[in-house]
Amino acid sequence: MEKITDKIAALPKDGTYFSLEFFPPKTQMGFSNLQARLERMSRALRPLFVTVTWGAGGSTSSKSLELAEICQRQLGLTTCLHLTCTNMRRKLIDEALEEAKALGIRNILALRGDPPRSEEYRLNDGALEDGGEGEEGDSNEEFTWAIDLVRYIRRVYGDYFCIGVAAYPEGHADESYPEVQDPLHDLPYLVHKVQAGADFIMTQLFFDVNAYTSFEKLLREHESGAFKDIPIIPGLMPIQSYQILKRTTKLSHAKLPPDILDRLEGIKGDDEAVKRVGVDIISEIVEDIKAVKAAGPRGFHFYTLNLEKALAFILERTKLIRPSTPGSNDDSAIDDSFPFSKGTRAHTNGVNNVDGTGKSHPRKDFDRRRLSSTTSPHNRIIVDPPPSSHNSTISASEAGHPTSPTLASRATTLAISSGEGSLGREATWDDFPNGRFGDARSPAYGEIDGYGTSLHVSISYARQLWGAPSTRQEIGKLFVRHVQGDLESLPWSEGDVNAETAVIRKELVALIDQRGWWTVASQPSVDGVLSSDPIFGWGPAGGFIFQKSFVELFLPAREWKSRLRPHLESAAVSAEVSWYAGNAAGEFESSEAAEAVNAVTWGAFPGKEIVTPTIVEEVSFRAWMEEAFAIWAEWERVYYGRGLGDEETRRLLRECREGCWLVNVICHGYREAGRLWEILMEA
């Protein structure tokens, strides 16, 4: 029941503290395993408070509140709930605040969320413009900016909640490619948020320490006096991989100083080395900021990505972890040699890649949603032999959760969080984050920010990128342009296509142009190329890489039911392929048993067991299927205007969402480079 500001005020004036951010995992298995991880981290790391993210437009509201309840009530952690206010009904905001109060949560991070789409959410006689039913007076028209939420909370709840607001050391930008990004431009708005009742400030992630210290100085010396004593907490993200670093800095518009890029450039193909150097980089940033005189206790907020290993090293190295008892000085629980070479434990089929995060190969571009090109699978990490259990959740011992009093000490638990010993390797088995083609049991599966389904671009930029298509043919042209490298992104793919695309570009274009099937993920087959190969290589030297070809695409329901599915089920083809399929209504079909796991990328390396970093399975496909169709709805919402053209585009996108199936087809003949494409074109 404590407020963050009260806890900070109780610290010594020259003290330090830290907080951790978590997001609700995409799958129930991930949720269960995050709970075990949180229990361990709360004992080992002892954060002053934790924050729980809230998806754009309330898209993760129920899961966010469930996670907040675990943190606040079950683990006894002082919890701060993120809350956005745009693009959702006011009733949802009220319900979230009431539930937070009922749970004993006294802290809210008040955020705007995505740019407001007022036409969509305006109420007319109790009906939402998008066809949903509202309640009289349940309008969100008063919520356009975060300051509106701050004022609303203060008006309704008085001083019950401690309210935090966001700040941007390098300036805030709505557009994906802002021409102007200047903290001076944002300053008046931040002044107003504080004057409206904000109690503390938490910053966007950054890597330019000079930008942050200049920003803090700017606030402290501001003529308004609004920032003289308010806690200002810098936000830092442990570096998990080179690709996730590049992606997050692009989405957040955070700059990477040249010296940091130089330190990472030469090792960007080695995830273990990147993570090791990343610990050095973030630790140095922490120490640089600690050296700057603060107005009170010095705090740091860490964006954990639901991972713990690198974070544990950073906190231990920078001595941010509070002692177990007053005046105690626990011996370091971590071997500071950062033993990533021990590997990370995975489940039966190995550590699995993350779209958008963590692949060993420098040329592959990962993203949470997979590129239409085959963006090769990510997180190709050499791992220890995986646990033998096929269970969908990790047991207490697998998760490294102490099961006896002798294992419950802070030092031992901290060592486990940092990946030491067999328990540590089990606990950090997913230390290289998993995403779309990874292990659905991981708390980090499917997201890098927990922000929920979003286009990750502003409405105006979405229109600039994709126009206002009025026919299926125009949508198909967008997919072709992306595969050909002429369009930087699609709603399902946040980045450019990569080098692998050139190998199968002709085949992908044929599927789109001749069949009208829109590809969102794919991969060519590979038969034993060297691990040093400039396009397909990954892992240690002297190894050999193998890949099965697969493709994931949207196609009309009639095409699936009367054309492609019968062909895949035919006697001539069925033994060569596996497939998964589903639609927006939740219908699901598959050639596989529910527990089947298809390894589609593997490597053989000297002195190592076979490594299988990329899988396709039912649980992860179902989770992605739900998001993929939700992205259609997000794209549709871009066109909630009043013009006839917008109505046509909106209707077309809705028809596509409701009338398409998402299908993933895997060809097992990895030695037959063109076989998958022959099968599909024969249908």
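What counts and what doesn't
Residues numbered from 1 in each chain as written. Predicted model: local features only at pLDDT ≥ 70, side-chain atom pairs only at ≥ 80, totals over all residues. Heavy atoms only, no water. Pairing = 2+ DSSP bridges. Helix = DSSP H or I, 4+ residues; strand = E, 2+ residues; numbered from the N terminus. Axes fitted to C-alpha atoms, helices over the stretch in contact; angles between N-to-C directions. Contact = heavy atoms within 4.5 Å. Buried < 20%, exposed > 50% of the residue type's maximum accessible area, 1.4 Å probe, protein only. Bend = angle between axes of the 7 residues up to and from the residue. Polar contact = N/O pair within 3.5 Å; in protein donor to acceptor, adjacent residues only side chain to side chain. Parallel < 35°, antiparallel > 145°, perpendicular 65-115°, else oblique. Phe/Tyr/Trp six-rings, centres within 6.5 Å; stacked < 30°, edge-to-face > 60°. Lys NZ or Arg CZ within 6 Å of the ring centre and 35° of its normal.

K.L.:
Can you walk me through the sheet that holds strand β14 (residues 549-556) in this structure?
P.N.:
Hydrogen bonds between backbone atoms are what pair the strands of a sheet, whose relative direction is either parallel or antiparallel. On the basis of which strands lie adjacent, the open sheet formed by five strands has the order β11-β14-β19-β15-β16 and antiparallel pairing. Whereas interior strands pair on both sides, the edge strands pair on one side only; in this sheet they are β11 (518-523) and β16 (588-590). Strand-to-strand twist of the sheet, defined as the mean angle between neighbouring strand axes without regard to direction, takes the value 10°. Bridge analysis of β14 against strand β19 (residues 660-667) gives eight bridges, and the strand direction is antiparallel. Note on β19: the bridge partner recorded for V551 is V665. Set on the sheet, helix α18 (residues 557-569) makes contact with β14, β15 (577-583), β16 and β19; between it and β14 the angle comes to about 145°.

K.L.:
It is not clear to me how the pairing of β15 should be interpreted in this structure. Could you clarify?
P.N.:
Each regular strand carries side chains that alternate between the two faces of the sheet. Most of β15 is tucked away: seven of the seven residues are buried. Residues V577, W579, A581 and N583 point to one face of β15 and S578, Y580 and G582 to the other, with burial holding for every one of them. Strand direction decides the pairing type here: β15 and β19, joined by seven bridges, are antiparallel. When the sheet's bridge partners are listed, Y580 is paired in β19 with N664. Two strands pair when backbone bridges link them, and β15 and β16 are joined in this way by three bridges, in the antiparallel orientation. Directly across from A581, in β16, lies its bridge partner E589. What sits between β15 and β16 in their antiparallel hairpin is a turn of four residues, with G586 showing a positive phi close to 95°.

K.L.:
Is there a simple way to think about helix α17 (residues 501-515) in this case?
P.N.:
Think of an α-helix as 3.6 residues a turn; residues three or four steps apart then line up on the same face. Where α17 bends most, at E507, the angle is about 30°. Among all positions of α17, only T501, I504, L508, V509, A510, L511, I512 and R515 are buried. Against α16 (472-483), β11, β14, α18 and α21 (675-682) lie the buried residues of α17. G516 sits one or two positions beyond α17 and adopts a positive phi of about 75°.

K.L.:
Where do I start with the side chain of T304 in this structure?
P.N.:
With respect to the helices and strands, T304 occurs in the loop between β10 (298-303) and α12 (309-317). Within the structure, T304 has its side chain in polar contact with the backbone oxygen of E21 (distance 2.5 Å). Contacts of T304, omitting those with residues within four sequence positions, involve L20, E21, F22, Q240 and L311.

K.L.:
What is the right way to look at the packing of α16 against α17 in this model?
P.N.:
How two helices sit against one another is set out by the angle between their axes and by the gap between those axes. Orientation of α16 relative to α17, taken along the N-to-C sense of each, is 170°, at an axis distance of 9 Å. Classified by the interaxial angle, the pair formed by α16 and α17 is roughly antiparallel. On the side of α16, the interface is formed by G476, F479, V480 and V483, while α17 contributes T501, R505, L508, V509, I512 and D513.

K.L.:
Would you explain the environment of Y152 in this entry?
P.N.:
Within the element layout of this structure, Y152 appears in helix α6 (residues 146-157). For the pair Y152 and D94, spaced 58 residues apart in sequence, the C-alpha separation works out to 9.9 Å. Sequence-distant contacts of Y152, that is, excluding residues within four places in its chain, are made with R90, D94, L97, E142 and F143. Separated by 2.5 Å, the side chains of Y152 and D94 make a polar contact.

K.L.:
Mind showing me how you'd approach the packing of aromatic side chains here?
P.N.:
Geometry of an aromatic ring pair is reported as the spacing of the ring centres plus the angle between the planes. Applying the stated rule across the entire model yields 23 aromatic pairs. Seen from their ring centres, Y160 and F161 are 4.9 Å apart, and the 90° between their planes marks the pair as edge-to-face. For F161, a relative accessible area of 0% corresponds to the buried category. Consider the rings of W560 and W579, whose centres lie 5.1 Å apart with planes at 75°: the pair is edge-to-face. Of the two residues, W560 sits in helix α18 while W579 sits in strand β15, which places them 19 residues apart along the sequence. Taking relative accessible area as the criterion, W560 reaches 0% and is therefore assigned buried. Linked through ring pairs, W466, F479, W492, W518, F554, F629, W632 and W635 together constitute an aromatic cluster. Here the guanidinium or amino end of K101 rests over the ring plane of Y160, the centre of that ring lying 5.1 Å away.

K.L.:
So what exactly am I meant to see when it comes to the side chain of S61 here?
P.N.:
Secondary-structure assignment places S61 in helix α3 (residues 61-74). The exposure class assigned to S61 is buried, which follows from its relative accessible area of 16%. Contact partners of S61, with chain neighbours within four places excluded, come to W54 and L92.

K.L.:
I would appreciate a short explanation of the environment of A198 in the present structure.
P.N.:
Summarising the element assignment, A198 is placed in the loop between α7 (183-195) and β8 (200-205). In the structure, A198 is positioned 34 residues away from G164 in sequence and 5.6 Å away in space, judged by C-alpha atoms. What A198 contacts, discounting residues up to four positions off in sequence, is V150, I163, V165, K193 and I230.

K.L.:
Looking at this structure, I do not really get the pairing of strand β13 (residues 544-547). What am I missing?
P.N.:
In this sheet, β13 lies alongside strand β12 (residues 526-530) in antiparallel orientation, the contact comprising four bridges. Considered in β13, the bridge of D527 is made with F546. In terms of strand pairing, β13 meets strand β17 (residues 597-604) through four bridges, oriented antiparallel. In the sheet register, F544 faces β17, and the bridge partner there is A604.

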